[in-house]
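# Examination of the molecular architecture
Here are the chains, one letter per residue:
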Amino acid sequence: MGIRNLIVGAGISGLVLAERLANELKEEVLVIDRRNHIGGNLYDYDDEGVNVHKYGAHIFHTDSCKVWEYLRQFTQFYPYMHEVKALINGCYVPIPFNLNSLRMLFPESLASDLESKLLKAYPYGSRVSILELSKIEDLKFLSEFIYENIFYHYTLKQWQCSPKDLDSSVLSRVPVCIGKDNRYFKDKFQGIPFEGYTKMCERMVKNPLIEVRLQSDFKEFKNLEIQRVFYSGGIDEFFDYCFGELPYRSLEFDFRKISKEYFQSASVINYPNNYDFTRIVEYKYFLSQKTSRSVISFEYPKNYSKGMERFYPVPNDKNRALYEKYLQKALELENVYFIGRLGKYEYFDMDKAILNVLELFDKLR
Ligand code: UDP
């Protein structure tokens, strides 16, 4: 009879699909993952009262009612609003750069002048990409300052290339805000699962029709009879790299236990221009956990090579052209679907990954 549905990868995309297939269509699903836990990069665990995200900070945010209502079947959300600071010229300023950051970084008269120019160019409350801002002659001084101090060196560290060699969408993820709202995201729905992401994921696959097999590789299944495969790994690996390797970026986390209540003044502090790491995350902020000690991580971007964890596709025209070649090959296969950040080679957030899979499911049924 073989396997009805094989889902490769127990990350959020694979788990949503498993949940839908089992709960809605009453179909059997086998989910496999190389790692020894479910949840993919959302995986979190308790470290003496601090909920730690093993693969770095993950903050849920979405404007989609559909995604929000979907996830709320499996968890309640702690109403956490994400705020990030960056160390610029010795000051910890709000990121995205906004009018508060401006006031902290420049003397009053210059700040007032720049603020008036910004408000002449854009309505109060708007969010503008740094690349857009750079086109305004009157704001050249400010846009060059922001580009140089916030984006350029951080991006070199994170991607090992200049922002010019990446899709503009990468930098647009972090706009310049013409307002005083210090929040990182402006989405209608934001939060952190009250009992963590792992618990939420466990509830999603709580159905006897779903079997999860950990530390299990797709290679072991290649010659079996499988009716449908949903693959959330690297598409290049699926096809044995026949057109060459797709570039990815990886990360390394250096976790530290701190024997004092707080280490820093925000959950995430970015260091665009200092050190080799990009940011320090202090986890207890996400659920406002009260403990006498703390857990932090230093985040180091790494070149990806085979055998490492893939964290980000590298979005640009060249890489997309290579992905398209793989995609054409994928279209020749019946009943193999590529999902998630790696399967689709798209730098999207959790909510978009979920929406993608919910839409795929709607098509399948
Ligand atoms: N970025 C930057 N400086 C910052 C924050 C972000 O240059 O202080 C750029 C950088 O290229 C980064 C991208 O914006 O990779 C997206 O940032 P985001 O915080 O969305 O990255 P993620 O949390 O997904 O790693």
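Anything mentioned here points back to the structure above.
Residues numbered from 1 in each chain as written. Predicted model: local features only at pLDDT ≥ 70, side-chain atom pairs only at ≥ 80, totals over all residues. Heavy atoms only, no water.

Moving on to the sheet that holds strand β18 (residues 312–313). The seven strands lie next to each other as β8-β7-β15-β16-β17-β14-β18, forming an open sheet whose pairing is mixed. The two strands at the open ends of the sheet, each matched to only one other strand, are β8 (91–95) and β18. Bridge count for strand β16 (residues 279–282) against strand β17 (residues 294–303) is four bridges, and the pairing is antiparallel. By the bridge assignment for β17, V281 is matched with S297. With respect to the sheet, helix α6 (residues 140–159) is in contact with β7 (84–88), β8, β14 (248–258), β15 (268–270), β16, β17 and β18, its orientation differing from that of β14 by roughly 100 degrees. (Pairing = 2+ DSSP bridges. Helix = DSSP H or I, 4+ residues; strand = E, 2+ residues; numbered from the N terminus. Contact = heavy atoms within 4.5 Å. Axes fitted to C-alpha atoms, helices over the stretch in contact; angles between N-to-C directions.)

For the rest of this paragraph, the subject is the side chain of T291. Position of T291 relative to the elements: it lies in the loop between β16 and β17. Exposure remark for T291: the relative accessible area of 16% places this residue in the buried category. Within the structure, the side chain of T291 is placed 2.6 Å from the backbone oxygen of R293, a separation counted as a polar contact. Look past the residues within four positions of T291 in its chain and what remains in contact with it is E48, G49, V50, E261 and K284. (Buried < 20%, exposed > 50% of the residue type's maximum accessible area, 1.4 Å probe, protein only. Polar contact = N/O pair within 3.5 Å; in protein donor to acceptor, adjacent residues only side chain to side chain.)

This paragraph deals with the layout of surface pockets. For the second largest pocket, the calculated volume is near 330 Å³. In terms of lining residues, the second largest pocket is bounded by 18 residues, among which L327, Y337, F338, K344 and L360 are the most central. Elements supplying a minimum of two residues to the lining of the second largest pocket: α10 (317–331), β19 (336–338), α11 (340–343) and α12 (350–364). Ranked by residue count, the leading element in the lining of the second largest pocket is α12, at five residues. (1 Å grid on protein atoms, 1.4 Å probe; cavity = no way out; pocket = protein on both sides within 12 Å on 5 of 7 lines; lining within 4 Å. Points joined across faces, edges and corners; volume = space filled by probe spheres on them.)

A few words now on the sheet that holds strand β13 (residues 226–231). Strand order in the open sheet formed by five strands is β12-β2-β1-β13-β19, and the pairing between neighbours is parallel. Where the open sheet ends on each side, the last strands, each with one partner, are β12 (210–213) and β19. For this sheet, the mean angle separating the axes of adjacent strands, direction not counted, is 15 degrees. Taken together, the three bridges between β13 and β19 define a ladder with parallel strand orientation. Paired with V229 across the strands is V336, a residue of β19.

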